[in-house]
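Remarks on the overall topology
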Amino acid sequence: MVVFGGFTFGQRTAEIFRFYFTTNTWVRVEIKDGSPCPCERAGHSGVMRGDVMYVFGGKNDENKKLNDTWKFNFSDKTW
C-alpha cells in the first residue's frame, strides 16, 4: 500500500510511505536528490500502475486547487 501527501500534524506534506503487509511495517520512500517534486498537497487523487504512481490535483497550502499531474517511478525513486 502507498500513501502520498495529505496531512502530518496539521501540515500538508509531499512525503511517500509504503506499507508492507508481510512485515507489517511502514517505510518512508526516499526521493532521489535533484528530482523535481510536486508541492505539498491534500485532497488529490492517485493511482498505481506497476512500479509507477500517478498523482493528480489536490489543494496546496493556500487551499488553491491544483490542476497538475505527476508521475513517480519507484524503481529509480524519481518524479
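The notes below deal with the structure included here. Note that the coordinates shown come from a computational prediction; the quantities given were computed from them, not determined experimentally.

1. Considerations on the nonpolar core
- Of all hydrophobic cores here, the largest spans nine residues; its members are Phe4, Ala14, Ile16, Val29, Met53, Val55, Phe72, Phe74 and Trp79.
- Non-local contacts of Val29, meaning those with residues more than four positions away in its chain, are made with Ile16, Arg18, Phe72, Phe74 and Lys77.

2. Points about the packing of aromatic side chains
- Inspection of every chain in the model, using the stated rule, returns six aromatic pairs.
- Here Phe19 and Phe21 contribute two aromatic rings whose centre-to-centre distance is 4.8 Å and whose plane-to-plane angle is 85°, an arrangement assigned as edge-to-face.
- Looking at Phe19, the relative accessible area reads 13%, which means it is buried.
- Residue Phe21 is classed as exposed on the basis of its relative accessible area of 61%.

3. Some thoughts on the sheet that holds strand 4 (residues 45-49)
- Judged by pairing direction, the sheet is antiparallel, and its three strands sit side by side in the order 4-5-6 without closing on themselves. Only two strands of the sheet have a single partner each, and these edge strands are strand 4 and strand 6 (65-73). Sheet twist, expressed as the average angle between the axes of neighbouring strands with direction ignored, equals 10°.
- With five bridges joining them, strand 4 and strand 5 (residues 52-59) adopt antiparallel strand pairing. The residue bridging Val47 from the neighbouring strand is Tyr54, located in strand 5.

4. A short note on the pattern of salt bridges
- Here the structure, examined in full by the defined rule, presents three salt bridges.
- For the salt bridge of Glu15 with Arg28, the shortest nitrogen-to-oxygen distance reads 2.9 Å. Placement of the pair is Glu15 in strand 2 (residues 11-20) and Arg28 in strand 3 (residues 25-28), with a sequence separation of 13 residues.
- Looking at Arg28, the relative accessible area reads 39%, which means it is partly exposed.
- Linked through salt bridges whose partners overlap, the residues forming this network are Glu15, Arg28 and Glu30.

5. Overview of a nonpolar patch on the surface
- Taken together, the side chains of Met1, Val3, Phe21 and Trp26 define a hydrophobic patch exposed on the protein surface, amounting to about 450 Å² of accessible area.
- Following the sequence through the fold, Val3 ends up in strand 1 (residues 2-8).
- Relative accessible area serves as the criterion here: at 34%, Val3 is assigned to the partly exposed category.

6. Thoughts on the state of the cysteines
- Overall, the coordinates contain zero disulfides when judged by the stated rule.
- Cys37 supplies the cysteine sulfur nearest to Cys39, a cysteine that is in no disulfide, at a spacing of 11 Å.
- Since its relative accessible area comes to 32%, Cys39 is described here as partly exposed.

Reading the values: rules and limits
- Residues numbered from 1 in each chain as written.
- Predicted model: local features only at pLDDT ≥ 70, side-chain atom pairs only at ≥ 80, totals over all residues.
- Heavy atoms only, no water.
- Core = buried A, V, L, I, M, F, W, Y, C linked by side-chain atoms within 4.5 Å.
- Buried < 20%, exposed > 50% of the residue type's maximum accessible area, 1.4 Å probe, protein only.
- Contact = heavy atoms within 4.5 Å.
- Phe/Tyr/Trp six-rings, centres within 6.5 Å; stacked < 30°, edge-to-face > 60°.
- Pairing = 2+ DSSP bridges.
- Helix = DSSP H or I, 4+ residues; strand = E, 2+ residues; numbered from the N terminus.
- Axes fitted to C-alpha atoms, helices over the stretch in contact; angles between N-to-C directions.
- Salt bridge = Lys/Arg side-chain N within 4 Å of Asp/Glu carboxyl O.
- Patch = residues over 30% accessible without salt bridge, like charges linked within 9 Å, V, L, I, M, F, W, Y side chains within 5 Å.
- Areas by Shrake-Rupley, 256 points an atom, 1.4 Å probe, with all protein chains shown as cover.
- Disulfide = S-S within 2.5 Å.

Everything listed here is a matter of coordinates, which is why it stays silent on function.
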